[in-house]
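Listed here are the chains, written in short residue letters.
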Amino acid sequence: MSLPTIIIGAGVGGLTTGALLAHDSHDVIVLEKSTKLGGRTASMKFKNHILDNGFHIMPFYKKSAIFTILKNLGIESRLKLAKVDDIAFYATTGFHIYPKGMVDLLRLSLIPFKSRIRLLKLLLPLAFSSIEKTELWDDIPLTKITHDLDADTNAFFEAVCMLAFADTADHISLGEFARTIIRANPFKGGTSEFAYPDGGGYDSICHVLGDFILEHNGILKTKQSVKKIIIKDSKVTGVVVIDSLNAKKIIPTNSVVVSYPAYTALNQLFEKNIINLKFIEKINKLNKTTSVVEVHFALNSQIDTRQVVFPVGKDYVTKGIFFISNITPSVSPAGEHLIIAGTPVSSDDTEDSRKVQNIVTKMKEEISSIYPKFNSALLWERPMAWKLVESVVKEPGKVWKSKMPHQIPGIEGLFFVGDSTISYGIGTDSAAHSSILCHPKIKSFLNSLIK
Ligand SMILES: Cc1cc2nc3c(=O)[nH]c(=O)nc-3n(C[C@H](O)[C@H](O)[C@H](O)COP(=O)(O)OP(=O)(O)OC[C@H]3O[C@@H](n4cnc5c(N)ncnc54)[C@H](O)[C@@H]3O)c2cc1C
């Protein structure tokens, strides 16, 4: 007999898997420990603005794994998307175009013409390779192909990496970079466009998925912290939950999908000796995340009409300025404008409030040097320091198939999804891709219980 599948975590990974199972008419119960849906993509209201948990943007627009899932569920029209394609570099020489495809590289005024040709020669073979071939490059750092480039071209790579991976080139695997180029290459029918929910709030994606689950008789519960997964004779038999009233209860089930970073979950959710220690040690090594300081600024006038600007060059602390109100005005009340500026930092820096404040001060100086009206337009600022930006890019050797597998051999009814598990792509795209890959395995297990 098949009992409802318990999904632990209502982020993009948990909700995409939940929606796919609900679509198959399987019973699902999503348990989320916080008060809201979205996980790392949760949003909040602050002074009548919709603020995301740091800057969030959807890679690959309608070619993304998220959009593919919404389409398969027949609900893609519920997520109105605003395109993010007005992107520019800013250098001491002024604003320069951001290349959306290979042809644009020839117009890349940021770097000398000779460097553009070199760049094209470097990127074209990547763009025309296959996803299978990129797997051979998963252990190689991106800097292996960029280290002898001139400083201008390297600065270009750093800026592109900031947009696509929220990290610097030396942390990025050549394989993952190549897969991104292949998927974003207009020559191959992909799209280099990014997207953001037009109604504002990146968590709209999770709300669309959550509504779908409820409409298909699924259950979504917040303020439910799963403490243990009960395994007997190598089979899942239930979960132990602490509910909103702090009461402990056991929910019987034969199938559990864990959807938060596996290196944390494996250390929290199991009795000793259930999971092989060597396996846990291997997965713990995946715990390599990016840290960022990001600051929301509300302004009383529009200082630029562009959507994203990358200050380029070592001297800039600010690596990206994201004009959220220019992507969709619905994030801000009438007459006000929201921007967010960000920079990668070391994880220790995120805990040092003095360092965070210094970064904010430097960012404000830099933004006002680019936009002289910034200081007089500034209404308020709200800094945030994030440790767990994503468990996707990590570092060479810890991407794609080297991530946490969706199942642990020898344990029946236990599945893992989310951005720490086998999948490629960036952030939310990888969380959704993991669901696409894992869904047939869960389905086949549930069907085997019915027979
Ligand atoms: C500042 C920042 C900027 C980012 N920018 C981008 C971007 O621009 N583009 C992009 O694609 N990605 C971006 N990301 C990454 C993206 O947010 C994540 O890759 C994605 O949201 C991961 O989804 P997930 O479902 O795997 O995990 P999560 O979103 O972490 O979801 C896990 C959920 O599980 C819940 N949970 C944990 N433990 C338990 C428990 N014991 N019981 C019950 N519930 C539990 C958590 O509360 C959480 O809601 C960014 C992340 C951050 C932090």
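Residues numbered from 1 in each chain as written. Predicted model: local features only at pLDDT ≥ 70, side-chain atom pairs only at ≥ 80, totals over all residues.

Please explain unusual backbone geometry as it appears in this structure.
With the exception of glycine, the majority of residues adopt a negative phi angle, and the majority of peptide bonds are in the trans configuration. At S25, a residue that is not glycine, the phi angle is positive and equals roughly 70°. Along the chain, S25 falls in the loop between α1 (12–23) and β2 (28–31). S25 sits in the exposed class, given 8 other C-beta atoms within 10 Å. (Helix = DSSP H or I, 4+ residues; strand = E, 2+ residues; numbered from the N terminus. Buried ≥ 20, exposed ≤ 12 C-beta atoms within 10 Å, placed from the backbone.)

I keep staring at the sheet that holds strand β10 (residues 225–232) and nothing clicks. Help me out?
Sheets are built from strands paired through backbone hydrogen bonds, the pairs being either parallel or antiparallel. Across the sheet, three strands lie side by side as β10-β11-β12; this open sheet has antiparallel pairing. Two strands lie at the open edges of the sheet, namely β10 and β12 (248–252), each paired on one side alone. Sheet twist, expressed as the average angle between the axes of neighbouring strands with direction ignored, equals 25°. By the bridge criterion, five bridges tie strand β11 (residues 235–242) to β12 in an arrangement that is antiparallel. Considered in β12, the bridge of I242 is made with K248. (Pairing = 2+ DSSP bridges. Axes fitted to C-alpha atoms, helices over the stretch in contact; angles between N-to-C directions.)

Got a minute to help me understand the pairing of strand β1 (residues 5–8) in this structure?
One face of the sheet, then the other: side chains in a regular strand alternate in exactly this way. Side chains T5 and I7 of β1 all project onto a buried face; the interleaved residues I6 and I8 project onto the opposite face, where all are buried too. Looking at chain direction, β1 and β2 are connected through four bridges and run parallel. Residue I6 lies in a different strand from β2, and its bridge partner there is I29. Running through α1, the crossover from β1 to the neighbouring parallel element β2 is right-handed. (Right-handed = clockwise from strand over helix to strand, strands pointing away.)

What's the story with the site of the ligand in this structure? I'm lost.
Not every one of the 38 residues close to the ligand is listed here, only the nearest: G9, G11, G39, G54 and G427. Elements with a contribution of two residues or more to the shell around the ligand: α1, β10 and α15 (427–450). With four residues, the single largest contributor to the shell around the ligand is α15. (Near = placed C-beta within 6 Å.)

Please explain the domain arrangement of the protein as it appears in this structure.
In many reports, interface size means the accessible area that the parts give up when they come together. Domains assigned within the protein are domain 1 (5–40 + 59–80 + 202–287 + 393–450), domain 2 (98–192) and domain 3 (290–386). For domain 1 versus domain 3, the separation of C-alpha centres amounts to 33 Å. (Domains from an automatic or database assignment.)

Hey, could you run me through the environment of Y371 in this one?
With respect to the secondary-structure elements, Y371 resides in the loop between α13 (353–370) and α14 (374–377). When the C-alpha positions of Y371 and R306 are compared, they lie 12 Å apart, and in sequence the two are 65 residues distant.

Could you clarify how one ought to interpret the packing of helix α4 (residues 113–127) against helix α8 (residues 174–184) in this entry?
Geometrically, a packed helix pair is captured by the angle between its two axes and the distance between the axes. In contact at an axis separation of 8 Å, α4 and α8 are set at 80° when each is read in the N-to-C sense. Here α4 lies roughly perpendicular to α8, going by the angle between them. Along the contact surface, α4 presents L123, L126 and A127, while α8 presents A178, I181 and I182. Residue composition of the contact of α4 with α8, grouped by class: six nonpolar, no polar and no charged. (Parallel < 35°, antiparallel > 145°, perpendicular 65-115°, else oblique. Contact = placed C-beta atoms within 7 Å. Nonpolar A, V, L, I, M, F, W, Y, C, P; charged D, E, K, R; others polar.)

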